[in-house]
Amino acid sequence: MRYLSTRGGVEPVGFATAVMMGLGTDGGLLLPETVPRVGPDTLRDWSGISFRDLAVELMTPFVADAIPRTDLVELIGRSYAIFSHQEVTPLVQVGEQRVLELFHGPTAAFKDVALQFLGNVFEYLLARHGGRLNILGATSGDTGSAAIAGVRGKERIRIFILHPAGRVSPVQERQMTTVLDANVHNIAIRGTFDDGQRIVKDLFNDLDFKQQYHLGAINSINWARILAQIVYYFYAWGRMSRGDPGFRIDFAVPTGNFGDIFAGYMAKRMGLPIDRLLIATNRNDILTRFVAGGPYAAGTVHPTLSPAMDIQIASNFERYLYFLVGQDPETVRALLSDLDRTGRMEVTAEQRAALAEDFDAAAVSDAQTLDQIRETYQRHGYLLDPHTAVGVRAARHRADMVCLATAHPAKFNDAVHRAIGIQAPLPTCLRGLLEKETRCTLLDATEEAVRDHIRATLAAR
Ligand SMILES: *Cc1c(COP(=O)(O)O)cnc(C)c1O
């Protein structure tokens, strides 16, 4: 499979180059040149198989030029053996709704599904083609721990994760700093998450530094992350349809950067019989307003009880935009330049109609989020984390929808406690964190301080 950029400035590349590139060299996002179609017979064949076997079948056409099938089987086996549920992403019945639990990985959030796979793919490609990778990222909480869990102990990879000192929850901090593998470098900066993001961006823009130190990114713009997430949409369909290709399904997806729901959209383009994809947002509702007919216009970011979704400009939306405008990079560039210049963009009436065919959207307030945690617990004895609660609330009168559960409730026990006065029991991966040994370097929130630290650390290797 060859990959192209949404902005048209990248010569077609194979899977290995696409994964190592992360963000397109032209600033766009990479997408497969053609989307493989899955016909009714194949859908039927896939409906009864395990998550792992399904992942192998589904990913093969996307990765075959870089990873032979026997190696893919091994990579996938290793990526998901670490999950605490044998089904990997089990589908559970909660009242009339179904919840697809995506939080059984090592950091108790859905990002593990993609980052466990990505970590293994990085290691595999580096071993085959030689070279090293130094991953650099900033986190406000969830992504950092999942990224660290994905690459800890891996040869040829080091990871540097910046978090704002004292501004992530104690559990989130410990999930990162208690990982003592020699290739993991936690940096607490004396500043905010925005400072961390700015420093990382500046270092990536320093092309000499980036090349000399083989810097790589691990955020949700990497195509391999989307690919891994397509699998559970097919898996949920298989569990519910029992192989009937006429069976149609709907999903409600708690949305921040649009990566998770875009994977659902890809599943639909591949032929999975999805009717509706519901974009569930918190108060940061740029996407909801856009689907409701407004302009795509960013405001300021409001902190909410579902912090992983406190995002205004959703980076993966560009991938959908590319399809919406008929796979025309020139139009994508024009719209993004409008957004850059004026803070908003507009699409045609026809494109609006197409958008409304693909997606529904609803925004959910913090009060409604707490109310939903309470209601679901009282009625069904099931605990929702605040992100999942946003999705369940958005799908409130849609009993037929499958709601994606993106985090274990114990990861956000403050909100759970506020809603119902008790806390969710900790899963094994979150137990004893506060007593464990930690390692972390405290630095000033400047580019120089972080650059010097990375230099010194890598020189000492
Ligand atoms: C990252 C995250 C989301 C948002 O996913 P996107 O792919 O960014 O839309 C939702 N819930 C949780 C718990 C997350 O960590």
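Report on the accompanying structure. (Residues numbered from 1 in each chain as written. Predicted model: local features only at pLDDT ≥ 70, side-chain atom pairs only at ≥ 80, totals over all residues. Heavy atoms only, no water.)

1. Notes on the overall build of the chain
Right, so step 1: Helix and strand counts for the chain stand at 19 helices and 15 strands.
Right, so step 2: Its C-alpha atoms give the chain a radius of gyration of 21 Å, within 12% of the compact-globule value 23 Å for 461 residues.
Right, so step 3: Once the C-alpha set of the chain is aligned to its principal axes, its extents read approximately 60 × 55 × 50 Å.
Right, so step 4: Every one of the 461 residues in the chain was classed for burial, and the buried ones make up 56%.
Right, so step 5: Excluding contacts between residues fewer than 6 apart, the proportion of contacts in the chain whose partners are at least 24 apart in sequence is 74%.
Right, so step 6: Element-wise, carbon and sulfur atoms account for 48% of the exposed surface of the chain, whose accessible area totals about 18,400 Å².
Right, so step 7: One finds the centroid of the 48 positive side-chain charges in the chain at a distance of 2 Å from the centroid of its 52 negative side-chain charges. (Helix = DSSP H or I, 4+ residues; strand = E, 2+ residues; numbered from the N terminus. Rg over C-alpha atoms; globule rule 2.2 N^0.38 Å. Buried < 20%, exposed > 50% of the residue type's maximum accessible area, 1.4 Å probe, protein only. Contact = heavy atoms within 4.5 Å. Areas by Shrake-Rupley, 256 points an atom, 1.4 Å probe, with all protein chains shown as cover. Lys, Arg positive; Asp, Glu negative; His and termini not counted. Charge placed at Lys NZ, Arg CZ, Asp CG, Glu CD.)

2. Considering the pairing of strand β5 (residues 133-138)
Right, so step 1: Burial within β5 is extensive, with 5 of its 6 residues counted as buried.
Right, so step 2: With 6 bridges connecting them, β5 and strand β6 (residues 157-164) associate as parallel partners. Across the sheet, N134 pairs through a bridge with R158, a residue of β6.
Right, so step 3: In this fold, the crossover linking β5 to β6 by way of helix α6 (residues 142-151) has right-handed handedness.
Right, so step 4: Where β5 and strand β8 (residues 215-216) come together, 2 bridges link them in parallel fashion. Paired with N134 across the two strands is L215, which belongs to β8. (Pairing = 2+ DSSP bridges. Right-handed = clockwise from strand over helix to strand, strands pointing away.)

3. Observations concerning the site of the ligand
Right, so step 1: Neighbouring the ligand are 15 residues, the closest being K111, D142, G256, N257 and T406.
Right, so step 2: Here N257 contributes a backbone N or O atom positioned 2.7 Å from an oxygen atom of the ligand.
Right, so step 3: Here an oxygen atom of the ligand and a backbone polar atom of D260 are 2.9 Å apart.
Right, so step 4: The protein chains hide 96% of the 380 Å² of surface that the ligand would expose on its own.
Right, so step 5: Here the residues of the shell around the ligand sort into 6 nonpolar, 6 polar and 3 charged. (Near = heavy atom within 4 Å. Polar contact = N/O pair within 3.5 Å; in protein donor to acceptor, adjacent residues only side chain to side chain. Nonpolar A, V, L, I, M, F, W, Y, C, P; charged D, E, K, R; others polar.)

4. Some details on the pattern of salt bridges
Right, so step 1: Under the defined criterion, the tally for this structure stands at 26 salt bridges.
Right, so step 2: Close ionic contact of E123 with K154 constitutes a salt bridge, the shortest N to O distance being 3.8 Å. Here E123, found in helix α5 (residues 111-129), pairs with K154, found in the loop between α6 and β6; they are 31 residues apart in sequence, far enough to count as distant.
Right, so step 3: D250 serves as the salt-bridge partner of R398, at 3.9 Å between the closest nitrogen and oxygen. With R398 in the loop between α17 (386-394) and β14 (401-405) and D250 in strand β9 (residues 249-254), this residue pair connects regions lying 148 residues apart in the sequence.
Right, so step 4: Taken together, the shared-partner salt bridges connect E74, R78, E123 and K154 into one network. (Salt bridge = Lys/Arg side-chain N within 4 Å of Asp/Glu carboxyl O.)

5. Re the packing of α5 against α6
Right, so step 1: Between α5 and α6, the least distance of the axes is 8 Å, while the angle of their chain directions is 35°. As for the relative orientation of α5 and α6, their crossing is right-handed in sense. For the pair α5 and α6, contact is made by K111, D112, L115, Q116, G119 and N120 and by D142, T143, A146, A147, A149, G150 and V151, respectively. (Axes fitted to C-alpha atoms, helices over the stretch in contact; angles between N-to-C directions. Left-handed = near helix turned anticlockwise from the far one by under 90°.)

6. Some remarks on the side chain of Q97
Right, so step 1: Relative to the helices and strands, Q97 resides in strand β4 (residues 97-101).
Right, so step 2: There is a polar contact of 3.0 Å between the side chain of Q97 and the backbone oxygen of A395.
Right, so step 3: Those residues in contact with Q97 that lie beyond four places of it in its chain are V92, V392, A395, R396, R398, A399, M401 and C403.

7. What to know about the packing of aromatic side chains
Right, so step 1: Per the counting criterion, the structure on display carries 24 aromatic pairs.
Right, so step 2: Both rings, one in F262 and one in Y265, keep their centres 5.9 Å apart while their planes meet at 40°; by these two values the pair is tilted. Of the two residues, F262 and Y265 are both situated in helix α11 (residues 259-270); the distance of 3 residues between them amounts to about one turn of the helix. We note that F262, like Y265, is buried.
Right, so step 3: Ring pairing ties together the aromatic residues F258, F262, Y265, F290, Y296, F317, Y320, Y322, F323 and F359, which thus form one cluster.
Right, so step 4: Taking the ring centre of F209 as reference, the NZ or CZ of R451 above it sits at 5.4 Å. (Phe/Tyr/Trp six-rings, centres within 6.5 Å; stacked < 30°, edge-to-face > 60°. Lys NZ or Arg CZ within 6 Å of the ring centre and 35° of its normal.)

The quantities given are spatial measurements derived from coordinates; they are silent on function.
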